[in-house]
Amino acid sequence: MKFLITGGAGFIGSNYLHYVTDKYKDDYFVCLDALTYAGNYNNIKDLEGKNNYKFVKGDITDRAFIDKLFSDEKFDVVINFAAESHVDNSIKNPEIFLTTNIIGTEVLMDASLKYNVKRYHQISTDEVYGDLPLDRPDLLFTENTPLHTSSPYSTSKASADLLVMAYYRTYGLPVTISRCSNNYGPYQFPEKLIPVVISKALNNEKVPVYGTGENVRDWIHVHDHNIGVDLIVRNGKVGEVYNLGGHAERHNIDIVKTILKQMGKSEDLITFVEDRKGHDLRYAIDSSKVENELGWERTYTFEDGIKETIDWYLNNEEWINDIKSGAYKEAYKD
Ligand SMILES: NC(=O)c1ccc[n+]([C@@H]2O[C@H](COP(=O)([O-])OP(=O)(O)OC[C@H]3O[C@@H](n4cnc5c(N)ncnc54)[C@H](O)[C@@H]3O)[C@@H](O)[C@H]2O)c1
């Protein structure tokens, strides 16, 4: 089968490509990425030369380009990881989030319909469900939880999800959606909590924590997310939504302290900063549907996964420094 993987130079997409290009030698994977500031060709450079893989630079919102790509390549499966993904940026500038996350999804689905793609899979997020109170640990998001968003980011993702279901119902496009909790692991751009803490602490810089750090996220190793995506794409039922969660709820402040401890750094580096506008309190996912129906299992405990992840960043300081200096922008040569 021939796969289109959009956003494959980003954090989750690049981990996905490393996983599947090794696992499925008979399938072929085309990585499409616009290489925005968050796209890092260094994440996928070592895939060059694999005979079941190629990279194409391009924008999912460019309708003429996408039409030609689909016409030339005749994809069987499309997995849309491409997105503007940073909540803080969406608060400062919502428009690009609406363009990439909603219009980009529409453009990909129009081409998928026109060229008879057999499966369109949308990578979504638990943020589409809004947040849960901190004092109700019994409450979890299920696939039936109403969409109730807080930020322009989550609203753009929820809008795309609704459009995906509309293309299923109206045009019969064979779709699936996965909604995952917060990912951690290698190749995450140092604007998100875990790589920010590591990269600041490496230089003994102050580590910013929003509000009091009491917000709770449900952390999943990126590899476990990608195992779930692969299962859903190959075995999931068309027209269905599947939640993927880490079953590892942690307060942000505890994540920061865990990292500082492993790095041998003082908690004095922590500095509390003004809270994010509309900051969601708690996310927690019920993944029982994908576990029971498709046999999905996590392979990492949080304790093992976070330790391995911190070690990865410490062993790949050059990867972080290339981002800090901007050199990563030169990694891709046309
Ligand atoms: N990071 C998380 O914890 C998390 C959790 C759940 C869901 N998600 C979802 O997973 C997906 C991937 O997230 P991520 O953390 O890897 O994001 P990321 O920001 O690291 O990567 C996004 C990638 O998309 C590319 N891109 C952006 N706009 C594009 C465009 N118009 N055309 C082509 N490529 C474009 C970027 O260059 C980048 O390589 C997103 O859809 C996100 O909403 C992320």
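Residues numbered from 1 in each chain as written. Predicted model: local features only at pLDDT ≥ 70, side-chain atom pairs only at ≥ 80, totals over all residues.

### Quick look at the environment of aspartate 311
Argument step 1. Mapped onto the elements of the fold, aspartate 311 is located in helix H10 (residues 302-315).
Argument step 2. According to the C-beta neighbour criterion, aspartate 311 is exposed, with 12 such atoms within 10 Å.
Argument step 3. Between the C-alpha atoms of aspartate 311 and glutamine 262, which are 49 residues apart in sequence, the distance is 9.0 Å. (Helix = DSSP H or I, 4+ residues; strand = E, 2+ residues; numbered from the N terminus. Buried ≥ 20, exposed ≤ 12 C-beta atoms within 10 Å, placed from the backbone.)

### Considering the packing of helix H8 (residues 252-263) against H10
Argument step 1. Here H8 crosses H10 at 55 degrees, and the two axes come no closer than 11 Å. Judged on the interaxial angle alone, H10 and H8 are oblique. The handedness of the crossing between H8 and H10 is right-handed. Between H8, through Thr258, Ile259, Gln262 and Met263, and H10, the contact on the second element is made entirely by Ile306, Lys307 and Ile310.
Argument step 2. Classifying every residue of the contact of H8 with H10 by side-chain character gives four nonpolar, two polar and one charged. (Axes fitted to C-alpha atoms, helices over the stretch in contact; angles between N-to-C directions. Parallel < 35°, antiparallel > 145°, perpendicular 65-115°, else oblique. Left-handed = near helix turned anticlockwise from the far one by under 90°. Contact = placed C-beta atoms within 7 Å. Nonpolar A, V, L, I, M, F, W, Y, C, P; charged D, E, K, R; others polar.)

### Some points on the pairing of strand S9 (residues 216-221)
Argument step 1. In terms of burial, S9 is largely enclosed, as six of its six residues are buried.
Argument step 2. The alternating pattern of S9 places Val216, Asp218 and Ile220 and Arg217, Trp219 and His221 on opposite faces, both of which are buried.
Argument step 3. Sheet topology note: the strand S7 (residues 182-184)/S9 ladder contains three bridges and is parallel. Each residue of the ladder has a partner; that of tyrosine 184, found in S9, is histidine 221.
Argument step 4. With three bridges connecting them, S9 and strand S11 (residues 249-251) associate as antiparallel partners. Bridging from a neighbouring strand, arginine 217 pairs with arginine 250 of S11. (Pairing = 2+ DSSP bridges.)

### Thoughts on helix H7 (residues 222-235)
Argument step 1. Over its 14 residues, H7 extends 20 Å from the first C-alpha to the last, a length consistent with the 20 Å expected when each residue adds 1.5 Å.
Argument step 2. Every buried residue of H7 is accounted for by Val222, His223, Asp224, His225, Asn226, Gly228, Val229 and Ile232. (Expected span 1.5 Å × (residues − 1).)

### Thoughts on the sheet that holds strand S4 (residues 77-80)
Argument step 1. With respect to topology, seven strands assemble into an open sheet ordered S3-S2-S1-S4-S5-S6-S10, the strand pairing being parallel. Edge strands, defined here as strands with exactly one partner in the open sheet, are strand S3 (53-57) and strand S10 (240-244). Ignoring strand direction, the axes of neighbouring strands in this sheet form an average angle of 20 degrees.
Argument step 2. As judged from the six bridges shared by strand S5 (residues 119-125) and strand S6 (residues 175-180), these two strands associate in the parallel manner. By the bridge assignment for S6, histidine 121 is matched with threonine 176.
Argument step 3. With respect to the sheet, helix H4 (residues 95-114) is in contact with strand S1 (2-6), S4 and S5, its orientation differing from that of S4 by roughly 175 degrees.

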